[in-house]
Structure formats: C-alpha cells, structure tokens
Amino acid sequence: MKRRDFLKIGSAGLAGSLLGGAGLLSWTPRASAATIDRSFYVTEGTITQPDGSDVYFRGFSASGTGLNVPGSSLVVQEGDTLRITVINTLDVDTSFVIDGLVDSGPIGPGQTRTVEFTVDQAGSYLYHDGLNAPYNRLLGLHGGLAVMPAGSSNELYPGSPTFVQQYLWLINEVDPVWHADLARRRNPTTAFEPRYFTINGRSMRVPGHPDYANPAVDAGYATDTRLVGSLGDRTLVRILNAGLCIHSVHFHANHVEWLATNGQPRPDVWLKDSLRLPADKGGIDVIYPFEAPPDAWPPVSTGHYPMHFHDEMTQTAGGGLYQFGIATTISFE
Amino acid sequence: MFKIDKAIPMMGMGGGMGGGGMGGGACYVYPDAPATPGLVTPDVTFNRGIYMNGSITMDDGAQIRIWGFTDGGGMGMGMGGPFPSPAIRVREGQIVHTNLTVQGNMWLHTIHHHGIEPSTENDGVGHYSFDVNGTYTYQWKAAHAGTYFYHCHTNTVLHAEMGMYGALIIDPPEGPGTLYSGGPAYDLEVVWAADEIDSSWHTLDWDAGTCGQDVGLHRLNPDYFIITGVDGARSALTAPGVAVNMQVGQRLLVRYICAGYLAQRITFGGLTATVHMSDGRPLPNPVEVTAIDAVSAERYDCIITPTEAGVHDVVIEFFDQITNQVIGTARTRITVE
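Residues numbered from 1 in each chain as written. Chains lettered and ligands numbered in written order. Predicted model: local features only at pLDDT ≥ 70, side-chain atom pairs only at ≥ 80, totals over all residues.

Engineer: Where do I start with the overall build of chain A in this structure?
Structural biologist: Across its full length, chain A carries two helices and 21 strands. For a compact globule of 333 residues, the expected C-alpha radius of gyration is about 20 Å, and chain A comes in at 19 Å, within 12% of that figure. Along the three orthogonal principal directions, the C-alpha set of chain A runs to about 60 × 50 × 35 Å. At a minimum sequence separation of 6, the contacts of chain A that also span at least 24 residues come to 68%. (Helix = DSSP H or I, 4+ residues; strand = E, 2+ residues; numbered from the N terminus. Rg over C-alpha atoms; globule rule 2.2 N^0.38 Å. Contact = placed C-beta atoms within 7 Å.)

Okay, structure coming up:
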C-alpha cells in the first residue's frame, strides 16, 4: 500500500460520492420484483477528523478512485433480487456479508466477485465485510440496505405506522490506533479506545468552526443525516450500529415512535426521547413525527434542534471538542 | 424565527477560573441572555443559580468535587449546593419559568429540560441557541405528565458528569398521587437517579477540551456508582429519601432515571414492578418486569405493590461502554413491613 495513493477526504468534499445528490432514501414502489445490480469497489484512504488528524479507512466505494464511508445505501423491495459485484482493489482479502442473507466468502486481492440473493423480509439491514471481524467492518467497510414491503412506499413493515420520508444513519466508533495498525496490515493489540464518533462517516461541527454548515463535512448539515421537515412530515430513521458500543439515541423537540429493534417489530409502539441502540451490528427503526414541539409556549412550528447520542463520550473528538461527535440537526421548516 | 447561524461564538474566551491547568480558555461557546420570546406571566417559577465548588463524600472517605444548580438563583460560592440539584415539580398544563442566573465572566452554563420539547431558544442547548451569560428565563408549558430531568447542556459531556442535573416531575392536573390522568395511583414515591462517577474527570475546568485539548473525555472509567447523589456501595442502602420503607399493600412509585452515560440494569430484589410510563409517555400496555435494561437518559416509571413483608435489595449494574461487562454496582433497599 502506497501512502501517496490514499485518497484524502476533508473539507474539499467527498470525492466520488454516490449520494445521488439527495440525502433522503428515495423510493418508488414497483408492481413486481426486479433484479438490482450494484457494484462496490473496495478502496482505502484517509479521512480528516475534527481535530485535524488524518485517519485511515476502507470503504465500499462507487469507483476505484474514490472512498465512500459508509457505502451508499441500497433501497429495494421485498422479492427483489440483488446482484452485488465487489471489486477488491486492495492487497488484502475482503468480503460482502449481510447476516442471514448472503456471505461472499473471501475475495482476494485484485479479485472481483458477484453475489446474488433475494430479499424476502422488509426491514433495515447492515452490509459489511465480515472478515477479520470486527476490524474490517470498523474500518468503514459497511453500509445500509433498506427493504421496503412489496408495493409500499410508506411503511417499515406491512401494517406499520406510516411515514412520508426516510433516512438511514450508520453509526461508527473510530480508534485511530486500531486504524493505523490495520493500515499497516497488522491486527491491533491494544484495547479498543475510540476517539472519534461518526454518523454516516462524519462528525458534527458547530457554529464558529470553519467547516460548520459544510454538508460535505458537518454531520449537522450533511443531507443524508440532517432531518428536514415541516409539520406532519413523518420521517422514518433507520439507525444501524457498525460499532462495538451500546449507545443512547436522544431526539430533541419530538418523541419518536419506536417501531423495531434488531429488525424485530416491537409488540407496542412506545413514544421515546432516548433509546437503546444495541452494539455490534444492532439497529433500531423510529419515526420522527415532525409534530409541533409539544411543550413550546408560545407554540412554534419552526426551529433547529439536535439529535445527539446521550452517552456523551460520543460527543467528543480527540478527547475534547464537545459536540463534534455523533449528532445532527433536526430542522423544522 | 431564531436563526442559529446568527449566534456569535466566542472563541478563546478568557478562560473562566483562569482556564486552569488546561491553559486553553473556552472555545465554541455562545454567551448571551436575550429576552425570552413571547414572555407571559407563568403559573410557576423556579430560580436556579450555579455552584461549582460542591462535594460529596464517598463510602471510602474520598471527597469528589461536584457542580450543580442552586435553588433561589444565588451563587453558591463557598457554600456548595444540593446534589442532585433541587427538583423541578409542576403540573400538566402549567406555564413554567426556569430562571437561570450564570456568572458569565467566570463560566457558562444552560438548562436543558430533558424530554421537555419547547422552542429552540428555550431548549437550552448552547450550540443551537446560546450559553447563558447573566439571567435567562426558560419558558415552557408542561404538556405531558411524567418523569423527566434537567441538566446543563454546555460542554455537556463534562458538566452532566460533574453532577449538573436534577429531577423534573410533571404531575397530572389532579396533582401527586396519580402518575398521569387515567393512569395508576400510588401511595409513596421515590426518585432513583442512577449515575456513575469517574473521579479523574472531576478535577477539570468548566471549559476543558473545548478548544481541542485532549482531556480524555472520550473515555469514562468510573470508580463510583451512585443513586440520587448517594454512594451505592453502602450508604444508599439506608439513606433517607433513597431507601424505601413501606407497608404491605402500599403502592410504591419508582421514578427510575438513568442519569449516567453507561448502560444500566436495575433489578428489584425479587419484587415485580409494573412499568407504566417511559420518557414521560404512557405505555400502550403496561409491562411486568423484575429487571429493566436502560441507557443514558431513559426514564421508567414503575409501580411496586408488595404483598408480604420483606427486605429487598435493589441492585443497579453498570456496563462498560466498550466491553459491555459489568464494571460496578449500586444498591439501595425496599423494606416492607
């Protein structure tokens, strides 16, 4: 691996980004199942953290010269066949795994492999590199798959409470010592000590910081994390945890409807402002209702609020820099 | 509409308390004390000041520095203050004023009423509005009965760990004795705010790390485990206001607040609890439990109705953020006569 080959991603923006220009997961239901083709290039590079450190990552990227962390989200519907082609540009093995659905097995250096599988169950899934677990996954080789109920545009599972827009948040914790070891092709020997905390690959910036409000860098403004809505814009948020820590997800301004944990629909929908995100590939699905904040006096219909994790160590970067972590903005417009 | 983009950050504010040993001063703070939009005459008012020099004594004799809110709005200089901070208790439907007074030349703080969902200005998050410099009146209307808490939201990772939180209870319009209108009645209640303390953090200054210094706030290694401000090693087993003495047939309401950062599990010493609410909202169907798993800032309201005399040690286990292993416990007690 030649360091000069690394893609460096910082305030200049995300090279080779495959966000499709829209943050929301866009979806139009089809009358019948389809075959969906997608290619991922396994690449490596560095991403600049809030304290200025450049940290090594790998990603399921849209091109051989880019680096996407996480990989772009997939949205399909029940019954669809996915044909995923993985092109390994690295000198180490990789794999493409969705637990319970598909496992490519090792894909060697320079190799290309296509896996084909059918999705039958609506819900939110994590795709990841299952090799050398959990290291390859923590390095950034992960992404999200949303499976919609067949023919539905507004449900998590058939008969679930409905929504009008949806997002997918991938959570990760970054130990730069581990990443540096893995960049040198050796496994870590130290205890896991994450110093950066990301949502869809980014940390938050705050007013006064040069990258504040830069959607390529600031998780508070990135279009795939920032929740934007007007009253009534009920928003499904699929939250998947690629990391190793249990987290507390805290929403301001509205309680959310807690629909599912680890893919299992809840027997009752509870209204929560703080929720457990299980560790190690866990996930939750919630609807942020975009109702008028109930305790405002006088009443309001607009405003800016945070969603942040409440295990507050996740709100730091490099041991300080409060609120440069796993947080984004909820914008009532 | 209030625009956060107009907030003026104060970078490198002359470090309160000299910036201490960190030598950095404060960055990314937003000192202000604007007029409250749409200010009206409240139904109830609370005045809160700041103390930064409190302490608690642990069962092993150690003294841990504590920060918090005073009742009455004065400055607790030299006096310390109550820990947890004094409760805010109101009734559903009331318009509430929480007046926070901060000596902004020395430090900055806010009050976020956790689970209360007001306008941006009254949400008390520094980065989204302002850190209080002077006196600000947080105005909000108590929409939903239940158990909440309030805490500082400036350099929150440190300030909440330092103890800057207190209970916030909204009673239904009919008052205490009923959890929520149409919900269960209770005869006595207790607030268990379970928290862990990493004493190595408790020597830091209010602005520690804000300019990018590595002060270790990414990793919490707690050495003490407390229930409602009392050491859960031994003292909380008998401390008045924490340990419960009750009669057979009485209905005990436990307002359990996961006030720390780590995941917790509370078990009720063999008693069965019925969970009726969480996070200030009734459950569609109450659930019977002998244990509850909780993460930071969750609240669970449980009714326990013992049917026979006995002594029940309530155990709260704390799980390390990284290893998910139990790294500490806190205990209190329900004695049924």
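Engineer: Mind showing me how you'd approach the domain arrangement of chain A here?
Structural biologist: Accessible area lost on assembly of the parts is the figure often given for the size of an interface. All names here are of chain A. Segmentation of chain A into domains returns domain 1 (3-152) and domain 2 (168-332). Each of domain 1 and domain 2 was reduced to a C-alpha centroid, and the two centroids are 20 Å apart. Residue-level contacts link 32 residues of domain 1 with 38 residues of domain 2. Broken down by secondary-structure element, the contributors of at least two residues to the side of domain 1 that touches domain 2 are β3 (54-61), β9 (123-128), α1 (135-138) and β10 (142-148). Its residues placed into classes, the side of domain 1 that touches domain 2 shows 17 nonpolar, 12 polar and three charged. (Domains from an automatic or database assignment. Nonpolar A, V, L, I, M, F, W, Y, C, P; charged D, E, K, R; others polar.)

Engineer: For this particular structure, what's the right way to read the interface of chain A and chain B?
Structural biologist: Each partner contributes to the interface: chain A provides 49 residues, whereas chain B provides 56 residues. Broken down by secondary-structure element, the contributors of at least two residues to the side of chain A that touches chain B are β15 (247-251), β17 (264-272), β18 (274-277) and β20 (303-309) of chain A. For the side of chain A that touches chain B, the per-class residue count stands at 22 nonpolar, 17 polar and 10 charged.

Engineer: What should I look at first to understand the domain arrangement of chain B in this one?
Structural biologist: Residue and element names in this part refer to chain B. Splitting chain B by domain gives domain 1 (4-181) and domain 2 (192-336). Centre-to-centre, using C-alpha coordinates, domain 1 lies 21 Å away from domain 2. Between domain 1 and domain 2, the contact holds 40 residues from the first and 37 residues from the second. When residues of the side of domain 1 that touches domain 2 are traced back to their parent elements, those giving at least two are β2 (44-57), β3 (63-71), β9 (146-151), α1 (156-159) and β10 (165-171). When residues of the side of domain 1 that touches domain 2 are assigned to their parent elements, the largest contribution, four residues, is made by β9.

Engineer: Could you clarify how one ought to interpret the environment of serine 153 of chain A in this entry?
Structural biologist: Residues and elements named next belong to chain A. Along the polypeptide, serine 153 turns up in the loop between β10 and β11 (165-174). The class for serine 153 is partly exposed, based on 14 C-beta atoms found within 10 Å. In this structure the C-alpha to C-alpha distance between serine 153 and valine 164, which are 11 residues apart in sequence, comes to 8.1 Å. Dropping the residues within four chain positions of it, serine 153 is found in contact with Trp27, Thr28 and Pro29. (Buried ≥ 20, exposed ≤ 12 C-beta atoms within 10 Å, placed from the backbone.)

Engineer: When you look at the nonpolar core in this model, what are you seeing that I'm missing?
Structural biologist: Within soluble globular proteins, side chains that are nonpolar generally end up buried alongside one another. With 192 residues, the main nonpolar core has Ile171 and Val286 of chain A together with Phe149, Trp192, Ile227, Val254 and Ile257 of chain B as its most contacted residues. Discounting chain neighbours no more than four positions away, the residues touching phenylalanine 149 of chain B are His114, Tyr165, Gly166, Ala167, Leu168, Ala193, Ile257 and Ala259 of chain B. (Core = buried A, V, L, I, M, F, W, Y, C linked by C-beta atoms within 7 Å.)

Engineer: Help me understand the confidence of the model for chain B in this model?
Structural biologist: Close inspection of predicted coordinates is inappropriate for parts of the model with low pLDDT. All names here are of chain B. Chain-level pLDDT for chain B is 93 on average; 91% of the residues reach the 70-or-more range. A low-confidence stretch, residues 1-7 stays under pLDDT 50, and its non-local contacts, those more than four residues away or across chains, total 11 contacts. Below pLDDT 50 for its whole length, residues 14-23 participates in 22 contacts with residues either more than four positions away or in separate chains. Scored by ipTM, the complex comes to 0.95, with pTM at 0.95. (pLDDT = per-residue confidence, 0-100.)

Engineer: Help me understand the confidence of the model for chain A, please; the structure alone is not making it clear to me.
Structural biologist: Residue and element names in this part refer to chain A. Put simply, chain A has an average pLDDT of 93, and 93% of its residues get 70 or more. Low pLDDT (under 50) marks residues 1-6, which in the prediction has five contacts with non-local residues, meaning those over four places away or in another chain. Note that pLDDT drops below 50 for residues 9-22; the model gives that stretch 28 contacts with residues more than four away or on any other chain.

Engineer: Mind showing me how you'd approach the sheet that holds β11 of chain A here?
Structural biologist: Whenever strands of a sheet pair, they do so through backbone hydrogen bonds, lying parallel or antiparallel. All names here are of chain A. Ordered in space as β12-β11-β14-β19-β16-β17, the six strands form an open sheet in which the pairing is mixed. This sheet does not close on itself; its edge strands, each paired only once, are β12 (196-199) and β17. Pairs of neighbouring strands in the sheet enclose a mean axial angle of 20°, with direction left out of account. Across five bridges, the pairing between strand β16 (residues 256-261) and β17 is antiparallel. Of the residues in β17, the one forming a bridge with tryptophan 258 is tryptophan 270. (Pairing = 2+ DSSP bridges. Axes fitted to C-alpha atoms, helices over the stretch in contact; angles between N-to-C directions.)

Engineer: Explanation requested: the sheet that holds strand β13 (residues 227-229) of chain A in the structure shown.
Structural biologist: All names here are of chain A. An order of β13-β21-β20-β15-β18 is seen for the five strands of this open sheet, with the pairing classed as mixed. Strand pairing shows two members of the sheet lacking a second neighbour, β13 and β18, which therefore form its edges. Averaged over all pairs of adjacent strands, the angle between strand axes in this sheet comes to 20°, irrespective of strand direction. Pairing of β20 with strand β21 (residues 327-332), which is carried by six bridges, proceeds in the antiparallel orientation.

Engineer: Whenever I open this one, helix α2 (residues 176-183) of chain A confuses me. Can you help?
Structural biologist: Residue and element names in this part refer to chain A. Three or more residues of α2 are buried, namely Trp178, His179 and Leu182. Down the axis of α2, the sector holding all buried residues measures 100°, keeping them to one side. At its buried positions, α2 is contacted by β3, α1 and β11. (Arc of directions from axis to C-beta.)

Engineer: Would you take a moment to explain unusual backbone geometry for this structure?
Structural biologist: Most peptide bonds take the trans form, and the phi angle of most residues other than glycine is negative. In this structure, the amide linkage connecting tryptophan 297 of chain A to the following residue, proline 298 of chain A, adopts the cis form with an omega of -5°. Turning to its location among the elements, proline 298 of chain A is positioned in the loop between β19 (283-288) and β20. The omega torsion across phenylalanine 83 of chain B and proline 84 of chain B is -5°, close enough to zero to call that bond cis. Within the element layout of this structure, proline 84 of chain B appears in the loop between β3 and β4 (85-91). You will see that glutamine 323 of chain A, though not glycine, has its phi angle at about 65°, which is positive. By the secondary structure assignment, glutamine 323 of chain A is in the loop between β20 and β21. The buried category is assigned to glutamine 323 of chain A, around which 29 C-beta atoms lie within 10 Å. Residues other than glycine seldom take positive phi values, yet threonine 228 of chain B does so here, at roughly 50°. For threonine 228 of chain B, a count of 23 C-beta atoms within 10 Å corresponds to the buried category.

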